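Inside the fold
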Amino acid sequence: MFRTAMRNVLAHKARLLMTVLAVMLGVAFVAGTLVFTSTISDAFQKSSAKGFDQVDVAIDPSKSDDGSETPGSAPDLTQKLLDQVTDVPGAASATGDASGFAAIADKKGKLVGDGWSTKGANYYPSKDGKDPRYPMKDGRAPTSKSEIALDSKTAERAGYKVGDTVRMSVNGPVLAPKLTGIFTTDDGNVAAGGSIALFDTKTAQSLYTKPGRFSQITVTAADGTSQAALKSGIEKVLPKDAEATTGKQLADDEAKAISNQMSGMQTGLLAFAGISLFVGIFIIANTFTMLVAQRTKELALMRAVGASRRQVTRSVLLEAFVVGTIAAVAGLAAGIGIGAGLRSLMGSFGGTVPDGPLVVSPGTVIAALVVGIVVTMFAAWLPGRRAAKIPPVAAMSSLHAAATTKSLVLRNTIGALFAGAGAASVIAATTMGEGGKLPMGAGAGLLLIGVFILTPLLSRPIIAAAAPLLRVFGISGKLARQNSVRNPRRTAATASALMIGLTLITGMTVIAGSVQQAIDKMATDSLKADYLVSMANFTPLSPNVEKTLAKADGVVSTSPMRNSPAEIDGSTQRLTGVNPKTIGDLADLPFEKGSFDAISGSGVVVDKAMADREGWKVGSSLGTVYEDGRKGELKVGGVYEGNEVMQGILVDKDALAPHQTEVTDMQVMVKTEDGASQAVKDSLEKELGNNPAVLVEDKKDVSEAIAQVFTLMLNMLYGLLAMAVIVAVLGVINTLAMSIFERSQEIGMLRAIGLDRRGIKRMVRIESLVISLFGGLLGVGLGVFLGWAAGELIGSALPTYELILPWGRMAVFLVLSAVVGILAALWPARRAARLNMLAAIKAE
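Residues numbered from 1 in each chain as written. Predicted model: local features only at pLDDT ≥ 70, side-chain atom pairs only at ≥ 80, totals over all residues. Heavy atoms only, no water.

**Brief notes about the overall build of the protein**
- A count of helices and strands for the protein gives 28 helices and 26 strands.
- For the protein, contacts bridging at least 24 residues in sequence account for 81% of all contacts bridging at least 6.
- When the accessible surface of the protein is totalled, it reaches about 38600 Å², and 59% of it is carbon and sulfur. (Helix = DSSP H or I, 4+ residues; strand = E, 2+ residues; numbered from the N terminus. Contact = heavy atoms within 4.5 Å. Areas by Shrake-Rupley, 256 points an atom, 1.4 Å probe, with all protein chains shown as cover.)

Written as structure tokens, this is what we have:
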């Protein structure tokens, strides 16, 4: 039986090629994802670990459970504390760090580096006058507020040399210090595409902390002193609002954070690989079903000479094992190439990855082999089992066992139950709000399985409905329609592969388009302001930005939006400071009770969701502990409908400012006399010094930014799901090629009675077109239904949500289905037309 199985694999090399390709693509996606995420994670972790080489213990302000600074515990890392830490037994040296965001512009005025990782810090010289963290490559360290030093990679990217003037910004206003030095660094953020700008300590403290204070103190241990022992000694001199962490713990935490980030990406990519493999199962099952059908007499002869059913099934599974192994090895090799390609692709899209080797772990190799072999054998098991059940006498007589009425009724009953239960679960989930995610996911899975089981039943009426259109193609069209419904199970398995891919693509398109419009509508309807001004990376703005804009020509009103943490009734909340005199001219929020007039002194307004959650209402008093630790009481004067643009507790900015450790704005809303126009926008940007780190956006810009996010997301999804569509194309090619082999005698007879080669080609192409459009129609229909259902769930949290059907894109999807059918038929149609009619008629 082993020799027979191997002979069959070698005898059908061409027929099994498509199956190998289908499995290989899925395995390659899995292996490529694992190689890519392992390589990126390893590179970032090693690069990040370098940044902690000279840190044995780090001292930071105390953090609350959510990672933010605890209200009332302003950073108190003073020079005095630094001196005390330096004198702790076992401490070799201590360095004070004052750091934060710093945006560097190149000579063309464009930002250098990747947003969050563009950092400003202080040069802290030791006794020898040098800072060991930042060895100077050229020039000297900065010594005054008009001087700066840059890391060598940033200087190279921006085209700066020692002596140049550097345009930069920390929190809004443009700065223009002189470049006095260029240094090298092992900082992981720089290796990943970020930048570091160094100031003298006094200047850095004025920009990022307070005079004489640091944001962090790092300590290096003396020889023979462990990190744990040093930490224990340091904790004895620490104030209550500071905490010490060992360098190893910091490195471990950073590695864990990087691993978690990569895990999310890995899960998403593996999900699409799973979809591709799931689609491949249909093709493998279809291929082996047809191969077994072609060998019915051979299998019957084996049964007649003594082979048991188990041996027949085992021989089919052995073929599948060989095919799966070949596909898995090829997929692993292709996956390694994909992983390397994705890494290079990140660089071409502006992402920077630290240097490091390509990581192919044993787990990746095992996963690729297991996935390839298990998926192939699982898909081949049912055809093998079905082949073993055919009675030898019936098979020897070429009487292929047709599906009985009982089996068809059972299949359709099971399919109807699955589809009905799935649809009911999905519809019920639309009314459950946040709790409906799990029932909707389960229901969608059941619905897809149910429709797949029912696809043979659905194929006859849907394809029959196309009969009037196919008459245009004459006898070729009629034959194509009959061939499409001759074996409904085969047609269903082929069409289902395309159906699943298009269901996901259509559903995501419907959801993304509807959400995009909802957020767009919410953003524009809730704002009366003509412009929103913020930092490019959404770090805090200096209050001077609002003051500058308020004085600009043509500006009617402005209001900042400044955030401050506070503890209210035992839980941490965010207070948003606004200008009570102008907020009504800049925002349009529907109030359930009260109005913006309630914002004054201790009076606040809160959004309805928060009020319902906390049990607040107009007149409620809120016991408050502010950011600076002082206590007070706020009184609810109004309740409004919040949204993603504006929500939470709105307070008077002037009442909030005395409690903030540092007064900064997240955004500034601006209204002008002439409304939004390019000339007004240019004027405002000029007032701010044409600062590349500051965004001045009108409502159209906000909408386009939202659209850009969703367009990017959709394009990524389209690219990933294209893998499933490619596998579906292979399935159509496979089905047609094997169908033509089965019908060789029939095609020879058609040629003999007068159907020319062109007619044969047209028949095969139309058959492929009909099957592909059938799968496309089912996919688009299911996608719209699931998109609607998911939208109802989203609408419970997004009041402006309404269903938008992308008719244009759905038409494109159907056209693409037709193109898939036409392209997939090219080789099988050519092969059918070239059959020798006499040889075909004699074929068994």
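There is more to say after this.
**Comments concerning the confidence of the model for the protein**
- Overall, the predicted model of the protein reaches an average pLDDT of 81, with 85% of residues at or above 70.
- Contacts for the low-pLDDT stretch residues 65-74, under 50 throughout, to residues beyond four places or in other chains number 23 contacts. (pLDDT = per-residue confidence, 0-100.)

**Concerning a nonpolar patch on the surface**
- On the surface, Leu-410, Ile-414, Phe-418 and Ile-449 cluster together to form a nonpolar patch covering roughly 330 Å² of accessible area.
- It is helix H13 (residues 405-429) that contributes the most residues to the nonpolar patch, three residues altogether.
- You can call Ile-449 partly exposed: its relative accessible area is 39%. (Patch = residues over 30% accessible without salt bridge, like charges linked within 9 Å, V, L, I, M, F, W, Y side chains within 5 Å. Salt bridge = Lys/Arg side-chain N within 4 Å of Asp/Glu carboxyl O. Buried < 20%, exposed > 50% of the residue type's maximum accessible area, 1.4 Å probe, protein only.)

**What to know about the nonpolar core**
- Grouped together as the largest cluster of nonpolar side chains are 21 residues, with contacts concentrated most on Leu-750, Ile-760, Met-763, Val-764 and Ala-832.
- Per-element accounting of this core gives the leading share, five residues, to helix H25 (residues 757-795).
- Look past the residues within four positions of Val-764 in its chain and what remains in contact with it is Leu-736, Ile-740, Ala-825, Pro-828, Ala-829 and Ala-832. (Core = buried A, V, L, I, M, F, W, Y, C linked by side-chain atoms within 4.5 Å.)

**Comments concerning the side chain of Asp-151**
- Within the fold, Asp-151 resides in strand S9 (residues 147-151).
- An unpaired buried charge is present at Asp-151: no salt bridge exists, and Arg-157, the closest side chain of opposite charge, is 5.5 Å distant.
- Polar contacts involving the side chain of Asp-151 include one to the side chain of Thr-154, which spans 2.6 Å.
- A polar side-chain atom of Asp-151 sits 2.8 Å from the main-chain amide nitrogen of Ile-196.
- In contact with Asp-151, other than residues within four places in its own chain, are Ile-182, Phe-183, Thr-185, Val-190, Ser-195 and Ile-196. (Lys, Arg positive; Asp, Glu negative; His and termini not counted. Polar contact = N/O pair within 3.5 Å; in protein donor to acceptor, adjacent residues only side chain to side chain.)

**A word on the sheet that holds strand S15 (residues 216-221)**
- Strand order in this open sheet of four strands is S3-S15-S1-S16, and the pairing throughout is antiparallel. The open sheet is flanked by strand S3 (91-97) and strand S16 (242-246), the only strands paired with a single partner. Across this sheet, the average inter-strand angle for adjacent strands is 20 degrees, counted without regard to direction.
- Here three bridges tie strand S1 (residues 57-61) to S15, and the two strands are oriented antiparallel to one another. Its bridge partner being in S15, Val-57 is matched across the sheet by Val-219.
- Sitting on the sheet, helix H3 (residues 79-86) touches S1, S3 and S15, and the angle it makes with S3 is about 160 degrees.
- Running over the sheet, helix H7 (residues 227-235) touches S1, S3, S15 and S16 and is turned about 170 degrees from S16. (Pairing = 2+ DSSP bridges. Axes fitted to C-alpha atoms, helices over the stretch in contact; angles between N-to-C directions.)

**A few points about the packing of helix H14 (residues 437-464) against H25**
- Close contact between H14 and H25 brings their axes to 11 Å; oriented N to C, the two are set at 155 degrees. Put simply, H14 runs roughly antiparallel to H25. Where H14 crosses over H25, the handedness of that crossing is right-handed. Between H14, through Lys-437, Met-440, Ala-444, Leu-447, Leu-448, Val-451, Thr-455, Leu-458, Ser-459, Ile-462 and Ile-463, and H25, the contact on the second element is made entirely by Val-770, Phe-774, Leu-778, Leu-782, Phe-785, Leu-786, Ala-789, Ala-790 and Leu-793.
- Taken together, the residues of the contact of H14 with H25 sort by class into 17 nonpolar, two polar and one charged. (Parallel < 35°, antiparallel > 145°, perpendicular 65-115°, else oblique. Left-handed = near helix turned anticlockwise from the far one by under 90°. Nonpolar A, V, L, I, M, F, W, Y, C, P; charged D, E, K, R; others polar.)

**Focus: the packing of aromatic side chains**
- Scanning all chains against the criterion turns up six aromatic pairs.
- Aromatic pair Phe-591 and Phe-596: ring centres 5.0 Å apart, planes at 80 degrees, arrangement edge-to-face.
- One aromatic cluster in this structure is built from Phe-591, Phe-596 and Tyr-640. (Phe/Tyr/Trp six-rings, centres within 6.5 Å; stacked < 30°, edge-to-face > 60°.)

**Topic: the pairing of S9**
- S9 sits mainly inside the fold: five of its five residues count as buried.
- Residues Glu-147, Ala-149 and Asp-151 line one face of S9 and the alternating positions Ile-148 and Leu-150 line the opposite face, and both faces are buried.
- Strand direction decides the pairing type here: S9 and strand S12 (residues 178-183), joined by five bridges, are parallel. Considered in S12, the bridge of Glu-147 is made with Lys-178.
- Note: S9 against strand S13 (residues 195-200), two bridges, orientation antiparallel. Paired with Leu-150 across the strands is Ala-197, a residue of S13.

**Considerations on helix H27 (residues 826-833)**
- Listing the buried residues of H27 in full gives Pro-828, Ala-829, Ala-832 and Ala-833. Down the axis, H27 shows its buried residues gathered within 130 degrees of arc, on one side only. (Arc of directions from axis to C-beta.)

**Topic: unusual backbone geometry**
- Even without a glycine there, the phi angle at Asp-569 is positive, about 50 degrees.
- Relative to the elements of secondary structure, Asp-569 occurs in the loop between strand S18 (555-568) and strand S19 (571-578).

**Focus on the pairing of strand S7 (residues 118-123)**
- Taking burial as the measure, the six residues of S7 include five buried ones, the bulk of the element.
- As paired strands, S7 and S13 are joined by six bridges and run parallel to one another. Bridge pairing in S13 places Ala-121 opposite Leu-198.

**Description of the packing of H25 against helix H26 (residues 807-824)**
- Here H25 crosses H26 at 155 degrees, and the two axes come no closer than 8 Å. Of the possible angle classes, the one that applies to H25 and H26 is roughly antiparallel. The crossing of H25 and H26 is right-handed. Across the interface between the two elements, Ser-768, Leu-769, Ser-772, Leu-773, Gly-776, Leu-777, Val-780 and Val-784 from H25 touch Met-810, Phe-813, Leu-814, Ser-817, Ala-818, Val-820, Gly-821, Ile-822 and Ala-824 from H26.
- By residue class, the composition of the contact of H25 with H26 is twelve nonpolar, five polar and no charged.

**Looking at the sheet that holds S9**
- Read from one edge to the other, the open sheet built from six strands follows the order S4-S7-S13-S9-S12-S8, with strand pairing classed as mixed. Only two strands of the sheet have a single neighbouring strand rather than two, namely strand S4 (100-101) and strand S8 (136-139).
- On the sheet, helix H6 (residues 201-208) packs against S4, S7 and S13 and is oriented at approximately 115 degrees with respect to S13.

**Looking at a negative patch on the surface**
- Together, Asp-553, Glu-673, Asp-674 and Glu-687 make up a region of like negative charge exposed at the surface.
- Note that Asp-553 resides in the loop between helix H18 (543-550) and S18. (Charge placed at Lys NZ, Arg CZ, Asp CG, Glu CD.)

**Section: the side chain of Asn-579**
- Note on placement: Asn-579 falls in the loop between S19 and helix H19 (583-586).
- Here Asn-579 falls in the buried class, since its relative accessible area comes to 14%.
- Within polar-contact distance, the side chain of Asn-579 engages the backbone nitrogen of Lys-581 at 3.0 Å.
- With sequence-adjacent residues up to four places away left out, Asn-579 is seen in contact with Thr-558, Ser-559, Pro-560 and Lys-653.

**Quick look at H3**
- Along H3, the residues that are buried comprise Leu-81, Leu-82 and Val-85. Taken down its axis, H3 places every buried residue within 100 degrees of arc, on the same side.
- Those residues of H3 hidden inside the fold are in contact with S1, strand S2 (77-78), S3, strand S14 (213-214), S15 and H7.

**Some details on the environment of Glu-704**
- For Glu-704, the position within the fold is in helix H23 (residues 699-742).
- With relative accessibility at 44%, the residue Glu-704 sits in the partly exposed group.
- Placed 188 residues apart in sequence, Glu-704 and Gln-516 show a C-alpha to C-alpha distance of 9.9 Å.

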